[in-house]
Amino acid sequence: MASISRKTFLKYSISFGVILSTSQVLQYCKTSSKERYDYERKNPFDPEFLSENISPILKAIRIGITAPNPHNVQPWKFKIINDHSAYLYVDEKRLLKDTDPTFRQIHIGQGTFLENLSLGAQVLGHSAEVSLFPEGKYTIADIGKKPIAKIILNKQEDLVQNPLSEFISERVTRRSVYGGEDLTQEDFEKIRKDSAVLYSELKFVPKAGSEKLSEQLIAAMQMETDTYKTYEESRIWFRYNDEEIGKFKDGISLRANGTSGLKYYIARNFFLKHGTESWHSPENKKAGMDMFASMVESSKGFIFLKTDHNEVIDWVQAGRDYLRLHLAATKNGFSLHPMSQILQEYPEMDPIRNEFESSLKPGEKIQMLARLGKSDYHFYSPRRDPKEFLLK
Ligand SMILES: Cc1cc2nc3c(=O)[nH]c(=O)nc-3n(C[C@H](O)[C@H](O)[C@H](O)COP(=O)(O)O)c2cc1C
(Lines give C-alpha, C1' and ligand atoms only; values in the text may rest on other atoms or scores of the structure.)
Protein backbone atom coordinates (compact mmCIF):
# COMPACT_ATOMS: atom_id res chain seq x y z
CA MET A 1 0.00 0.00 0.00
CA ALA A 2 1.72 3.20 -1.09
CA SER A 3 1.45 6.33 1.04
CA ILE A 4 -1.38 8.47 -0.24
CA SER A 5 -0.69 11.98 -1.47
CA ARG A 6 -1.38 15.05 0.63
CA LYS A 7 -4.14 16.13 -1.78
CA THR A 8 -5.97 12.79 -1.50
CA PHE A 9 -5.49 12.79 2.24
CA LEU A 10 -7.07 16.23 2.54
CA LYS A 11 -9.95 15.25 0.27
CA TYR A 12 -10.72 12.19 2.40
CA SER A 13 -10.26 14.11 5.61
CA ILE A 14 -12.83 16.67 4.53
CA SER A 15 -15.34 14.03 3.46
CA PHE A 16 -14.86 12.25 6.80
CA GLY A 17 -15.41 15.54 8.57
CA VAL A 18 -11.94 15.35 10.09
CA ILE A 19 -10.40 18.74 10.73
CA LEU A 20 -6.64 18.66 10.65
CA SER A 21 -3.88 21.21 10.92
CA THR A 22 -1.17 21.30 8.24
CA SER A 23 1.33 19.77 10.64
CA GLN A 24 -1.04 16.85 11.30
CA VAL A 25 -1.37 16.26 7.57
CA LEU A 26 2.41 16.31 7.22
CA GLN A 27 2.65 13.75 10.01
CA TYR A 28 0.65 11.18 8.06
CA CYS A 29 1.94 11.64 4.50
CA LYS A 30 5.51 11.29 3.40
CA THR A 31 6.83 13.54 0.67
CA SER A 32 9.06 10.78 -0.68
CA SER A 33 9.30 7.05 -0.10
CA LYS A 34 12.99 7.36 0.82
CA GLU A 35 12.45 10.06 3.46
CA ARG A 36 13.08 8.84 7.04
CA TYR A 37 11.22 10.15 10.06
CA ASP A 38 13.02 10.53 13.39
CA TYR A 39 11.42 7.38 14.78
CA GLU A 40 12.66 5.29 11.85
CA ARG A 41 15.90 3.32 11.54
CA LYS A 42 18.85 5.54 10.71
CA ASN A 43 21.03 4.84 7.70
CA PRO A 44 24.18 3.35 9.29
CA PHE A 45 26.22 4.49 6.27
CA ASP A 46 25.26 8.12 6.78
CA PRO A 47 28.55 10.08 6.34
CA GLU A 48 27.88 11.78 9.68
CA PHE A 49 27.93 8.39 11.45
CA LEU A 50 30.92 7.12 9.52
CA SER A 51 32.97 10.21 10.36
CA GLU A 52 32.17 9.92 14.09
CA ASN A 53 35.11 9.31 16.38
CA ILE A 54 34.06 5.85 17.58
CA SER A 55 35.75 2.47 17.18
CA PRO A 56 35.43 0.37 14.00
CA ILE A 57 33.65 -2.38 15.98
CA LEU A 58 30.95 0.05 17.15
CA LYS A 59 30.46 1.29 13.60
CA ALA A 60 30.16 -2.33 12.43
CA ILE A 61 27.67 -3.15 15.21
CA ARG A 62 25.57 -0.14 14.21
CA ILE A 63 25.35 -1.64 10.72
CA GLY A 64 24.77 -5.19 12.02
CA ILE A 65 21.74 -4.27 14.14
CA THR A 66 19.83 -3.06 11.10
CA ALA A 67 19.44 -6.78 10.26
CA PRO A 68 16.00 -8.40 10.04
CA ASN A 69 15.03 -10.10 13.30
CA PRO A 70 11.81 -11.63 14.68
CA HIS A 71 9.21 -9.01 15.73
CA ASN A 72 12.03 -6.47 15.70
CA VAL A 73 12.90 -7.42 19.29
CA GLN A 74 16.60 -6.85 18.45
CA PRO A 75 17.74 -9.87 20.50
CA TRP A 76 21.42 -8.99 20.68
CA LYS A 77 23.94 -7.94 23.31
CA PHE A 78 27.66 -7.39 22.89
CA LYS A 79 30.77 -7.54 24.99
CA ILE A 80 33.38 -5.29 23.45
CA ILE A 81 36.86 -6.85 23.59
CA ASN A 82 38.74 -3.97 21.92
CA ASP A 83 38.31 -1.45 19.08
CA HIS A 84 38.22 -4.25 16.50
CA SER A 85 36.50 -7.15 18.23
CA ALA A 86 33.48 -8.16 20.29
CA TYR A 87 31.41 -11.12 21.47
CA LEU A 88 27.80 -11.48 20.34
CA TYR A 89 25.25 -12.96 22.79
CA VAL A 90 21.50 -13.55 22.57
CA ASP A 91 19.75 -11.00 24.78
CA GLU A 92 17.78 -13.34 27.02
CA LYS A 93 15.41 -10.50 27.97
CA ARG A 94 14.22 -10.27 24.37
CA LEU A 95 12.91 -13.72 23.53
CA LEU A 96 9.56 -14.73 22.01
CA LYS A 97 8.74 -17.64 24.31
CA ASP A 98 5.25 -18.32 22.97
CA THR A 99 5.65 -18.12 19.19
CA ASP A 100 9.26 -19.31 19.27
CA PRO A 101 9.40 -21.84 22.14
CA THR A 102 12.43 -23.66 20.69
CA PHE A 103 14.26 -20.30 20.20
CA ARG A 104 14.95 -21.25 16.59
CA GLN A 105 13.93 -17.89 15.18
CA ILE A 106 15.87 -15.91 17.78
CA HIS A 107 18.98 -17.78 16.62
CA ILE A 108 18.15 -17.10 12.96
CA GLY A 109 18.24 -13.47 14.08
CA GLN A 110 21.81 -14.00 15.33
CA GLY A 111 22.81 -15.16 11.87
CA THR A 112 21.14 -12.22 10.11
CA PHE A 113 23.10 -9.88 12.40
CA LEU A 114 26.43 -11.62 11.70
CA GLU A 115 25.95 -11.53 7.94
CA ASN A 116 24.75 -7.92 7.93
CA LEU A 117 27.78 -6.93 9.98
CA SER A 118 30.17 -8.96 7.80
CA LEU A 119 28.91 -7.51 4.51
CA GLY A 120 28.57 -4.01 5.98
CA ALA A 121 32.08 -4.00 7.47
CA GLN A 122 33.41 -4.40 3.93
CA VAL A 123 32.13 -0.91 3.16
CA LEU A 124 34.29 0.33 6.06
CA GLY A 125 37.31 -1.49 4.56
CA HIS A 126 37.29 -4.37 7.02
CA SER A 127 36.80 -8.07 6.62
CA ALA A 128 35.01 -9.71 9.54
CA GLU A 129 36.35 -12.93 11.00
CA VAL A 130 33.42 -14.68 12.69
CA SER A 131 34.02 -17.70 14.98
CA LEU A 132 30.78 -19.39 16.01
CA PHE A 133 30.35 -20.68 19.58
CA PRO A 134 33.86 -19.66 20.71
CA GLU A 135 33.31 -21.21 24.17
CA GLY A 136 32.51 -24.64 22.75
CA LYS A 137 29.31 -26.64 23.04
CA TYR A 138 26.26 -24.36 23.16
CA THR A 139 22.77 -25.44 24.13
CA ILE A 140 19.52 -23.58 24.78
CA ALA A 141 20.45 -23.46 28.49
CA ASP A 142 23.41 -21.24 27.50
CA ILE A 143 21.22 -18.48 25.99
CA GLY A 144 22.56 -15.13 27.12
CA LYS A 145 25.44 -16.75 29.01
CA LYS A 146 27.71 -18.17 26.31
CA PRO A 147 28.52 -16.14 23.22
CA ILE A 148 27.10 -17.04 19.83
CA ALA A 149 30.15 -15.63 18.07
CA LYS A 150 33.42 -13.81 18.41
CA ILE A 151 33.85 -11.13 15.77
CA ILE A 152 37.23 -9.74 14.76
CA LEU A 153 37.54 -6.96 12.19
CA ASN A 154 40.67 -6.93 10.03
CA LYS A 155 41.59 -3.84 8.03
CA GLN A 156 42.17 -4.92 4.43
CA GLU A 157 43.41 -2.63 1.66
CA ASP A 158 42.61 -4.92 -1.30
CA LEU A 159 39.14 -5.91 -0.12
CA VAL A 160 36.69 -6.84 -2.89
CA GLN A 161 33.28 -5.66 -1.70
CA ASN A 162 30.33 -7.98 -2.14
CA PRO A 163 27.75 -6.05 -4.24
CA LEU A 164 25.04 -7.08 -1.75
CA SER A 165 26.58 -4.73 0.84
CA GLU A 166 25.23 -1.77 -1.16
CA PHE A 167 21.67 -2.84 -0.33
CA ILE A 168 21.94 -3.04 3.47
CA SER A 169 20.66 0.47 4.01
CA GLU A 170 17.71 0.06 1.62
CA ARG A 171 16.61 -3.41 2.82
CA VAL A 172 13.28 -3.46 4.66
CA THR A 173 10.60 -6.03 5.38
CA ARG A 174 7.60 -4.86 3.32
CA ARG A 175 4.22 -6.06 4.47
CA SER A 176 2.11 -3.92 2.14
CA VAL A 177 -0.15 -5.34 -0.57
CA TYR A 178 2.07 -6.21 -3.54
CA GLY A 179 1.65 -5.29 -7.19
CA GLY A 180 3.70 -6.08 -10.29
CA GLU A 181 3.99 -9.21 -12.37
CA ASP A 182 4.21 -12.73 -10.98
CA LEU A 183 7.79 -13.81 -10.27
CA THR A 184 9.22 -15.96 -13.03
CA GLN A 185 11.72 -18.79 -12.74
CA GLU A 186 14.21 -16.36 -14.30
CA ASP A 187 13.57 -13.77 -11.55
CA PHE A 188 14.13 -16.49 -8.97
CA GLU A 189 17.38 -17.63 -10.62
CA LYS A 190 18.72 -14.06 -10.54
CA ILE A 191 17.88 -13.75 -6.85
CA ARG A 192 19.41 -17.14 -6.12
CA LYS A 193 22.60 -16.29 -8.01
CA ASP A 194 22.99 -12.89 -6.33
CA SER A 195 22.30 -14.27 -2.86
CA ALA A 196 24.89 -17.06 -3.28
CA VAL A 197 23.60 -18.68 -0.09
CA LEU A 198 26.19 -20.83 1.61
CA TYR A 199 24.43 -23.22 3.94
CA SER A 200 20.84 -23.80 2.85
CA GLU A 201 18.75 -24.53 -0.19
CA LEU A 202 16.37 -22.03 -1.76
CA LYS A 203 13.08 -23.27 -3.21
CA PHE A 204 10.76 -21.26 -5.44
CA VAL A 205 6.97 -21.60 -5.38
CA PRO A 206 5.48 -19.68 -8.33
CA LYS A 207 2.22 -17.82 -7.87
CA ALA A 208 0.45 -20.19 -10.27
CA GLY A 209 -0.32 -23.27 -8.23
CA SER A 210 0.24 -21.60 -4.84
CA GLU A 211 -3.45 -21.64 -3.83
CA LYS A 212 -3.02 -24.44 -1.28
CA LEU A 213 0.01 -22.75 0.25
CA SER A 214 -1.93 -19.47 0.57
CA GLU A 215 -4.75 -21.29 2.35
CA GLN A 216 -2.27 -22.94 4.72
CA LEU A 217 -0.58 -19.61 5.51
CA ILE A 218 -3.91 -18.02 6.32
CA ALA A 219 -4.94 -21.01 8.48
CA ALA A 220 -1.65 -20.71 10.38
CA MET A 221 -2.19 -17.01 11.03
CA GLN A 222 -5.74 -17.77 12.17
CA MET A 223 -4.32 -20.28 14.65
CA GLU A 224 -1.80 -17.73 15.96
CA THR A 225 -4.60 -15.16 16.30
CA ASP A 226 -6.99 -17.52 18.08
CA THR A 227 -4.34 -18.86 20.47
CA TYR A 228 -4.43 -16.35 23.31
CA LYS A 229 -0.78 -16.46 24.39
CA THR A 230 0.71 -16.26 20.88
CA TYR A 231 -1.53 -13.35 19.88
CA GLU A 232 -0.81 -11.72 23.21
CA GLU A 233 2.92 -11.85 22.41
CA SER A 234 2.26 -9.64 19.38
CA ARG A 235 0.37 -7.18 21.58
CA ILE A 236 3.31 -6.93 23.97
CA TRP A 237 5.60 -5.97 21.10
CA PHE A 238 3.03 -3.76 19.33
CA ARG A 239 3.74 -0.03 19.28
CA TYR A 240 0.43 1.80 18.96
CA ASN A 241 1.51 5.16 17.56
CA ASP A 242 4.49 7.17 16.35
CA GLU A 243 5.27 8.36 19.88
CA GLU A 244 5.59 4.75 21.08
CA ILE A 245 7.62 3.74 18.03
CA GLY A 246 10.01 6.61 18.80
CA LYS A 247 10.13 5.85 22.51
CA PHE A 248 10.75 2.09 22.43
CA LYS A 249 12.53 1.95 19.04
CA ASP A 250 11.66 -1.72 18.64
CA GLY A 251 8.67 -3.98 18.00
CA ILE A 252 5.96 -4.02 15.37
CA SER A 253 3.37 -1.41 14.42
CA LEU A 254 0.68 -0.51 11.94
CA ARG A 255 3.23 1.56 10.04
CA ALA A 256 5.49 -1.49 9.75
CA ASN A 257 2.46 -3.43 8.54
CA GLY A 258 2.16 -1.22 5.48
CA THR A 259 -0.60 1.07 6.73
CA SER A 260 -0.12 4.75 6.05
CA GLY A 261 -1.95 7.94 5.20
CA LEU A 262 -5.66 8.16 5.97
CA LYS A 263 -6.05 4.48 6.87
CA TYR A 264 -3.32 4.88 9.47
CA TYR A 265 -4.85 8.08 10.81
CA ILE A 266 -8.30 6.53 11.22
CA ALA A 267 -7.06 3.24 12.71
CA ARG A 268 -4.72 5.02 15.09
CA ASN A 269 -7.24 7.56 16.32
CA PHE A 270 -10.54 5.71 16.25
CA PHE A 271 -9.95 1.94 16.46
CA LEU A 272 -6.67 1.08 18.14
CA LYS A 273 -7.05 0.99 21.90
CA HIS A 274 -4.50 -0.16 24.43
CA GLY A 275 -5.19 -3.23 26.56
CA THR A 276 -5.94 -6.91 26.17
CA GLU A 277 -9.69 -6.56 25.78
CA SER A 278 -9.53 -4.52 22.62
CA TRP A 279 -6.59 -6.52 21.20
CA HIS A 280 -8.33 -9.88 21.58
CA SER A 281 -11.78 -8.60 20.53
CA PRO A 282 -13.41 -10.30 17.52
CA GLU A 283 -13.33 -6.99 15.57
CA ASN A 284 -9.61 -6.46 16.07
CA LYS A 285 -8.80 -10.08 15.23
CA LYS A 286 -10.95 -9.93 12.09
CA ALA A 287 -9.29 -6.69 10.97
CA GLY A 288 -5.88 -8.33 11.44
CA MET A 289 -6.90 -11.46 9.55
CA ASP A 290 -8.42 -9.44 6.67
CA MET A 291 -5.19 -7.49 6.39
CA PHE A 292 -3.11 -10.68 6.45
CA ALA A 293 -5.28 -12.40 3.82
CA SER A 294 -4.93 -9.43 1.47
CA MET A 295 -1.15 -9.59 1.91
CA VAL A 296 -1.01 -13.33 1.12
CA GLU A 297 -3.35 -13.02 -1.85
CA SER A 298 -1.28 -10.21 -3.39
CA SER A 299 1.92 -12.33 -3.28
CA LYS A 300 3.62 -12.74 -6.66
CA GLY A 301 5.57 -15.83 -5.62
CA PHE A 302 7.16 -17.45 -2.56
CA ILE A 303 10.68 -18.53 -1.59
CA PHE A 304 11.61 -21.09 1.09
CA LEU A 305 14.94 -21.56 2.72
CA LYS A 306 15.55 -25.15 3.81
CA THR A 307 18.32 -26.83 5.78
CA ASP A 308 19.21 -30.54 5.98
CA HIS A 309 19.40 -30.44 9.77
CA ASN A 310 17.73 -28.45 12.50
CA GLU A 311 20.32 -27.72 15.19
CA VAL A 312 21.28 -24.36 16.70
CA ILE A 313 24.15 -23.99 14.22
CA ASP A 314 21.74 -24.56 11.30
CA TRP A 315 19.53 -21.77 12.64
CA VAL A 316 22.41 -19.29 12.84
CA GLN A 317 23.67 -20.23 9.39
CA ALA A 318 20.17 -20.12 7.90
CA GLY A 319 19.97 -16.58 9.30
CA ARG A 320 23.15 -15.66 7.45
CA ASP A 321 21.61 -17.03 4.25
CA TYR A 322 18.27 -15.33 4.83
CA LEU A 323 20.00 -11.96 5.07
CA ARG A 324 21.73 -12.61 1.74
CA LEU A 325 18.43 -13.69 0.20
CA HIS A 326 16.71 -10.51 1.39
CA LEU A 327 19.53 -8.29 0.08
CA ALA A 328 19.49 -10.13 -3.26
CA ALA A 329 15.71 -9.65 -3.55
CA THR A 330 16.21 -5.94 -2.79
CA LYS A 331 18.96 -5.73 -5.42
CA ASN A 332 16.59 -7.19 -8.00
CA GLY A 333 13.80 -4.75 -7.13
CA PHE A 334 11.59 -7.19 -5.20
CA SER A 335 9.93 -6.66 -1.84
CA LEU A 336 10.02 -9.54 0.61
CA HIS A 337 7.94 -10.46 3.64
CA PRO A 338 8.56 -13.55 5.79
CA MET A 339 5.47 -15.45 6.92
CA SER A 340 6.71 -17.62 9.75
CA GLN A 341 3.48 -18.63 11.48
CA ILE A 342 3.27 -22.03 9.77
CA LEU A 343 6.88 -22.87 10.69
CA GLN A 344 6.44 -22.23 14.40
CA GLU A 345 6.78 -24.96 17.00
CA TYR A 346 4.10 -24.41 19.67
CA PRO A 347 1.61 -27.26 20.24
CA GLU A 348 -1.47 -25.56 18.76
CA MET A 349 0.40 -25.13 15.45
CA ASP A 350 1.58 -28.78 15.30
CA PRO A 351 -1.20 -30.16 13.04
CA ILE A 352 -0.94 -27.33 10.48
CA ARG A 353 2.87 -27.36 10.50
CA ASN A 354 3.11 -31.15 10.32
CA GLU A 355 0.91 -31.26 7.25
CA PHE A 356 2.88 -28.47 5.61
CA GLU A 357 6.21 -30.18 6.35
CA SER A 358 5.04 -33.69 5.46
CA SER A 359 7.11 -33.87 2.25
CA LEU A 360 10.41 -33.08 4.05
CA LYS A 361 13.02 -35.76 4.70
CA PRO A 362 13.73 -36.61 8.36
CA GLY A 363 15.78 -33.85 10.01
CA GLU A 364 15.09 -31.26 7.30
CA LYS A 365 13.48 -27.95 8.24
CA ILE A 366 12.10 -25.00 6.31
CA GLN A 367 13.72 -22.22 8.31
CA MET A 368 12.21 -19.24 6.47
CA LEU A 369 9.30 -18.81 4.08
CA ALA A 370 8.65 -15.46 2.43
CA ARG A 371 6.29 -13.91 -0.08
CA LEU A 372 7.67 -11.63 -2.78
CA GLY A 373 6.30 -8.97 -5.09
CA LYS A 374 6.64 -5.27 -5.81
CA SER A 375 5.76 -2.30 -3.64
CA ASP A 376 7.10 1.18 -3.12
CA TYR A 377 5.79 1.42 0.46
CA HIS A 378 8.57 2.50 2.79
CA PHE A 379 8.92 2.22 6.52
CA TYR A 380 12.28 1.68 8.16
CA SER A 381 11.59 -0.17 11.43
CA PRO A 382 13.43 1.61 14.23
CA ARG A 383 16.53 0.39 16.04
CA ARG A 384 17.61 1.18 19.59
CA ASP A 385 20.75 3.18 20.24
CA PRO A 386 23.75 0.86 19.73
CA LYS A 387 25.05 1.80 23.20
CA GLU A 388 22.00 0.10 24.76
CA PHE A 389 23.24 -3.25 23.43
CA LEU A 390 26.61 -3.11 25.17
CA LEU A 391 27.46 -5.14 28.28
CA LYS A 392 29.29 -3.12 30.89
C1 LIG B 1 13.44 -15.40 11.92
C2 LIG B 1 12.58 -14.29 11.41
C3 LIG B 1 11.21 -14.50 11.32
C4 LIG B 1 10.37 -13.47 10.87
N5 LIG B 1 9.04 -13.71 10.73
C6 LIG B 1 8.21 -12.74 10.32
C7 LIG B 1 6.82 -12.97 10.16
O8 LIG B 1 6.32 -14.07 10.37
N9 LIG B 1 6.04 -11.94 9.76
C10 LIG B 1 6.56 -10.71 9.49
O11 LIG B 1 5.80 -9.81 9.14
N12 LIG B 1 7.88 -10.46 9.61
C13 LIG B 1 8.71 -11.44 10.01
N14 LIG B 1 10.06 -11.20 10.11
C15 LIG B 1 10.58 -9.88 9.76
C16 LIG B 1 10.82 -9.05 11.01
O17 LIG B 1 9.60 -8.74 11.66
C18 LIG B 1 11.58 -7.76 10.63
O19 LIG B 1 12.85 -8.15 10.18
C20 LIG B 1 11.71 -6.80 11.78
O21 LIG B 1 10.47 -6.28 12.16
C22 LIG B 1 12.63 -5.64 11.43
O23 LIG B 1 12.19 -4.97 10.30
P24 LIG B 1 13.10 -4.79 8.99
O25 LIG B 1 13.36 -6.17 8.43
O26 LIG B 1 12.28 -3.94 8.06
O27 LIG B 1 14.37 -4.13 9.39
C28 LIG B 1 10.92 -12.21 10.53
C29 LIG B 1 12.31 -12.03 10.60
C30 LIG B 1 13.14 -13.05 11.03
C31 LIG B 1 14.63 -12.83 11.08
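Refer to the structure presented above.
Residues numbered from 1 in each chain as written. Predicted model: local features only at pLDDT ≥ 70, side-chain atom pairs only at ≥ 80, totals over all residues. Heavy atoms only, no water.

Enquirer: Break down the overall build of the protein chain for me, with residues and values.
Expert: Along its length, the protein chain carries 14 helices and ten strands. A total of 392 residues make up the protein chain; the buried ones form 56% of that total. (Helix = DSSP H or I, 4+ residues; strand = E, 2+ residues; numbered from the N terminus. Buried < 20%, exposed > 50% of the residue type's maximum accessible area, 1.4 Å probe, protein only.)

Enquirer: How would you summarise the nonpolar core if you had to cite specific residues and measurements?
Expert: If you look at the biggest cluster of nonpolar residues, it comprises 59 residues, and the most contacted ones within it are F113 and I191. At ten residues, the largest contribution of residues to this core is made by helix 13 (residues 312-331). Setting aside anything within four residues of it in sequence, one finds F113 in contact with I61, G64, I65, A67, W76, F78, L88 and I151. Core analysis: the second largest hydrophobic core is formed by 21 residues, A220, M221, I352 and L369 among them. (Core = buried A, V, L, I, M, F, W, Y, C linked by side-chain atoms within 4.5 Å. Contact = heavy atoms within 4.5 Å.)

Enquirer: Break down the packing of helix 7 (residues 211-226) against helix 8 (residues 228-236) for me, citing the residues and quoting the values.
Expert: Orientation of helix 7 relative to helix 8, taken along the N-to-C sense of each, is 85°, at an axis distance of 5 Å. The angle between helix 7 and helix 8 places the two elements in the roughly perpendicular class. Within the contact between the two elements, helix 7 uses M223, E224, T225 and D226 and helix 8 uses Y228, T230, Y231 and S234. (Axes fitted to C-alpha atoms, helices over the stretch in contact; angles between N-to-C directions. Parallel < 35°, antiparallel > 145°, perpendicular 65-115°, else oblique.)

Enquirer: Which residues make up helix 5 (residues 104-123), and what values go with them?
Expert: Given a rise of 1.5 Å per residue, 20 residues ought to cover 28 Å, and the 30 Å separating the end C-alpha atoms of helix 5 matches this to within 8%. Most of helix 5 sits inside the fold, with 19 of its 20 residues counted as buried. G125 lies just past helix 5 and shows a positive phi near 85°. (Expected span 1.5 Å × (residues − 1).)

Enquirer: Please give an account of the sheet that holds strand 3 (residues 126-132) that cites residues and values.
Expert: In spatial order, the strands read 1-2-4-3; together these four strands make up an open sheet with antiparallel pairing. Only two strands of the sheet have a single neighbouring strand rather than two, namely strand 1 (76-82) and strand 3. Going across the sheet, the axis of each strand differs from the next one's by a mean of 25°, ignoring polarity. Bridge analysis of strand 1 against strand 2 (residues 85-90) gives six bridges, and the strand direction is antiparallel. Opposite K79, over in strand 2, you have Y87 as the bridge partner. (Pairing = 2+ DSSP bridges.)

Enquirer: If you had to explain the site of the ligand to someone new, which residues and values would you point to?
Expert: Surrounding the ligand, one finds 20 residues, the nearest of these being R171, T173, R175, S340 and R383. Between the ligand and P338, the relevant distance is 3.0 Å, taken from a nitrogen atom to a main-chain nitrogen or oxygen of the residue. In this structure, S340 approaches the ligand through a side-chain N or O atom, which is 2.7 Å from a nitrogen atom. Elements supplying a minimum of two residues to the shell around the ligand: helix 5 and strand 9 (335-338). A per-class count over the shell around the ligand returns seven nonpolar, nine polar and four charged. (Near = heavy atom within 4 Å. Polar contact = N/O pair within 3.5 Å; in protein donor to acceptor, adjacent residues only side chain to side chain. Nonpolar A, V, L, I, M, F, W, Y, C, P; charged D, E, K, R; others polar.)

Enquirer: Which residues make up the layout of surface pockets, and what values do they have?
Expert: Here the second largest pocket is characterised by a volume of approximately 360 Å³. Counted by class, the lining of the second largest pocket contains six nonpolar, one polar and ten charged residues. (1 Å grid on protein atoms, 1.4 Å probe; cavity = no way out; pocket = protein on both sides within 12 Å on 5 of 7 lines; lining within 4 Å. Points joined across faces, edges and corners; volume = space filled by probe spheres on them.)

Enquirer: Could you give an account of the environment of T99, naming the residues involved and the relevant values?
Expert: By the element assignment, T99 lies in the loop between strand 2 and helix 5. For T99 and Y346, which are 247 residues apart along the polypeptide, the C-alpha to C-alpha distance reads 6.5 Å. Once you skip the residues sitting within four places of it in the chain, T99 turns out to touch Q105, E224, T230, E233, Q344, E345 and Y346. A distance of 2.5 Å separates the side chain of T99 from the side chain of E233, its partner in a polar contact.

Enquirer: Go over the environment of A67 with me, naming the residues and quoting the values.
Expert: Tracing the backbone shows A67 in the loop between helix 4 (56-64) and strand 1. Those residues in contact with A67, other than ones at most four positions away along the chain, are W76, T112, F113, N116, R171 and R383.

Enquirer: Quick rundown of the sheet that holds strand 9? Include the residues and the values.
Expert: With respect to topology, four strands assemble into an open sheet ordered 5-8-10-9, the strand pairing being antiparallel. Taken across any chain shown, the strands that pair with only one partner, and hence form the sheet edges, are strand 5 (201-206) and strand 9. For this sheet, the mean inter-axis angle between neighbouring strands, taken without regard to orientation, is 30°. Sheet contacts for helix 6 (residues 185-195): strand 5, strand 8 (301-307) and strand 10 (365-373); angle to strand 5, the most-contacted strand, approximately 160°. Helix 13 rests against strand 5, strand 8, strand 9 and strand 10 of the sheet, and its axis sits at about 155° to strand 8.

Enquirer: Mind laying out the packing of aromatic side chains, listing which residues take part and the relevant values?
Expert: Scanning all chains against the criterion turns up 13 aromatic pairs. Ring centres 6.4 Å apart and planes at 65° place the aromatic pair Y240 and W279 in the edge-to-face group. One end of the pair, Y240, is in the loop between strand 6 (238-239) and helix 9 (242-248); the other, W279, is in helix 11 (residues 276-279), with 39 residues separating them in the sequence. W279 matches Y240 in its accessibility class, with the two residues each being buried. Here K77 stacks its cationic end above the ring of Y89, 5.9 Å away from the centre of that ring. Directly above the ring of F389 sits R384, whose terminal nitrogen or CZ lies 4.0 Å from the centroid. (Phe/Tyr/Trp six-rings, centres within 6.5 Å; stacked < 30°, edge-to-face > 60°. Lys NZ or Arg CZ within 6 Å of the ring centre and 35° of its normal.)

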